[in-house]
Amino acid sequence: MESRIRIRLAISLLIFFLGVGTVGYIVIEGYPLLDAVYMTVITIATVGFGEIHTLSEKGRLFTIFLIMSGVGSLGFAIQALTEMMLERVSNPKYKTKNMEKKIAKLKGHYIICGFGRVGAAAAEHFEKAGAPFVVIEASEELQKTLQDLGFLYLDGDATREEILDKAGIKKASALLALLDSDPHNLFTVLTAREMNPTLHIIARTQQASSESRILRAGADSIISPYSSAGRRVADRILARTAARQGSKEGGSISGGTQHRWVEVTESSEIAGHAVEAANAMVGGRVVGIRRGTSDTLLPPHEMQIQLNDFLLVVPFGQMGVDGDLNGKMQPLKIVLIDDNPVIRRLYTRLFQKAGFNILTASDGREGCELIFKERPDAAVVDFRLPDISGLEVCRKVKRSEMGSMIKLFLFTAEEEEGIRRQALEAGVDAVVVKSPEAGEIVAIVKQGLS
C-alpha cells in the first residue's frame, strides 16, 4: 500500500472515530457538543485527563470501545506518517529537489563543469575559502563522491541550457569549463556566454590547437594543466640555471619571455622598498627574489627588498596578469568604471571579445577599491561619476605606488579642451570622447597597451 493511501486511510479513520465518539457521548451521556468533542479527543489521545462528568455504565462501555478503536487508528496514522517521511528522505528525487532549492538560492557563486582532477581541486579550494559553488557532473560515480563530500551538484550535461539555468548561471560570477573533452568545453563556453554575456569564464584545454577556438567562443582565459606545469618547471630550471651561469646582469630568454637579474646594491636604492614599489624602479615585474641560498618565486607585493638580493625581473607586457612564468600571453586585466549599467554591459562584452579580462564598478570609490585590489593593466574611467569625479579617481591611482604601472583612459561625453588639459595633468594616458562607434574605446585601449 502506498504511503499516501495509508495516510488518507488513517486520517479518514481518525475523523470517523472522532465523529462516532462525539455522537456517542451526546446520545449516551447527554453531553453538549463541545464537551462531547473534548471527551472524545482526550479518550483517543489517552492523555489521562479525568472525566468531565461521571459516566454511566453504558458510557464506560462506550469509552472502552472508543479507546481500543481510536488508539489503534491514531497509531496507524503515526506509523503511516513516519513511513512517508522516511520514504521522502531516502528518495533520490526528494534529495535532488532539495538540492535544486539550495542551488536556486545561490548568488554570485561559481559553477564548476566537471568534477575531474582539476574540478575537484577547484572545489576544494572554494570550500576552504568559503566561496559558494555548484558542480555539474554527469558521472554517477563522481556524483557519489560529491554526495559524500556534501557539495552542491547537478546531474546533467553542462553544454545544455536547462542545466546551466538550474545552476543559476544568470546570477553566477564565474564558470569553470573543466570537462575532459575540448569540444564539450567549447560548447559549454558558447552556451554559457550566450546565456550570460558578463560572466567570467575559464576553460580547460588538452590540446593547444583548441585554445584559439575556445577563446573566440567567449572564454576569458584558458588553462592547460599539463602544458602549464611543464612550462613552469622548465622556466624555473632555466631561471635558476641563468642565475648560476652569471647572467644576473644580462638577459635570458626562455619560451619567448625575457628575464633579467638585477642585483640590489647600495647605489641602486632599491633596498628597503616593497616589491610593488620595486616594480616601477626596475622597469618590470619582480617575479623572483634570490636571497643567499634561498629563492622566492612570485613574491608577495608587500615583501621587503634587502641589500645583496638578486631580483628576477620580467618586462611589463611579457607575462600574464596572473604572474605565471609560462611564456604565454594571458588576457590583460581592465577595470571599467561607469555608473550606467547599459554601458558596463556593452563594454564588458566588447572588451571580452577583444581578448581582455574585464572588471566593472559603478562609482568612483568602488572603482578605486577594485583597482587597488586587482592591480589591473589599465583602467577606463567615466568623467562624470555619482560620488567622485573620474579625474579624482585618476589622481588617486597615480598617487599610489602602483600608479606608474597602470594605464589610465578617461571616458567622457564632453569634448572640451579644459577637460583634456586637466586629465593630462592628473596623469591620464588618453582621453576618449564617447561616440556612436562603440568599438573605438576598445581599439584605443588596445593600442595604448601594445
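One structure accompanies this document, and this report is about it.

Thresholds, definitions, all that
Residues numbered from 1 in each chain as written. Predicted model: local features only at pLDDT ≥ 70, side-chain atom pairs only at ≥ 80, totals over all residues. Heavy atoms only, no water. Helix = DSSP H or I, 4+ residues; strand = E, 2+ residues; numbered from the N terminus. Buried < 20%, exposed > 50% of the residue type's maximum accessible area, 1.4 Å probe, protein only. Contact = heavy atoms within 4.5 Å. Areas by Shrake-Rupley, 256 points an atom, 1.4 Å probe, with all protein chains shown as cover. Salt bridge = Lys/Arg side-chain N within 4 Å of Asp/Glu carboxyl O. Axes fitted to C-alpha atoms, helices over the stretch in contact; angles between N-to-C directions. Parallel < 35°, antiparallel > 145°, perpendicular 65-115°, else oblique. Left-handed = near helix turned anticlockwise from the far one by under 90°. Nonpolar A, V, L, I, M, F, W, Y, C, P; charged D, E, K, R; others polar.

### Brief notes about the overall build of the protein
And then number 1: Secondary structure summary: the protein contains 16 helices and 16 strands in total.
And then number 2: Across the 450 residues of the protein, 43% fall into the buried class.
And then number 3: Contacts spanning at least 24 positions in sequence make up 59% of the contacts within the protein whose residues lie at least 6 apart.
And then number 4: Total accessible area computed for the protein in this model is approximately 24,000 Å², and 55% of it derives from carbon and sulfur atoms.

### Quick notes on the pattern of salt bridges
And then number 1: The tally for this structure, following the rule as stated, stands at 10 salt bridges.
And then number 2: One salt bridge connects Lys166 with Glu100, and the closest N-O pair in it is separated by 3.5 Å. With Lys166 in helix H7 (residues 161-166) and Glu100 in helix H4 (residues 92-104), this pair connects stretches of sequence that are 66 residues apart.
And then number 3: Its salt-bridge partner being Asp387, residue Arg365 comes within 3.5 Å of it at the nearest N-O pair. A residue pair is termed long-range when its members are at least 10 positions apart, and Arg365 in helix H13 (residues 364-374) and Asp387 in the loop between strand E14 (378-382) and helix H14 (390-399) qualify at 22 residues.
And then number 4: Judged by its relative accessible area of 48%, Arg365 falls in the partly exposed class.
And then number 5: The network of salt bridges with common partners includes Glu392, Arg395 and Arg399.

### Things to note about the packing of H13 against H14
And then number 1: Packing of H13 against H14 leaves a shortest axis separation of 10 Å and a crossing angle of 25°. With respect to H14, the axis of H13 lies roughly parallel. Relative to H14, H13 is oriented so that their crossing is right-handed. From H13, Gly364, Cys368, Ile371 and Phe372 reach across to H14, where they touch Val393, Lys396 and Val397.
And then number 2: Across the contact of H13 with H14, the residue classes tally to 5 nonpolar, 1 polar and 1 charged.

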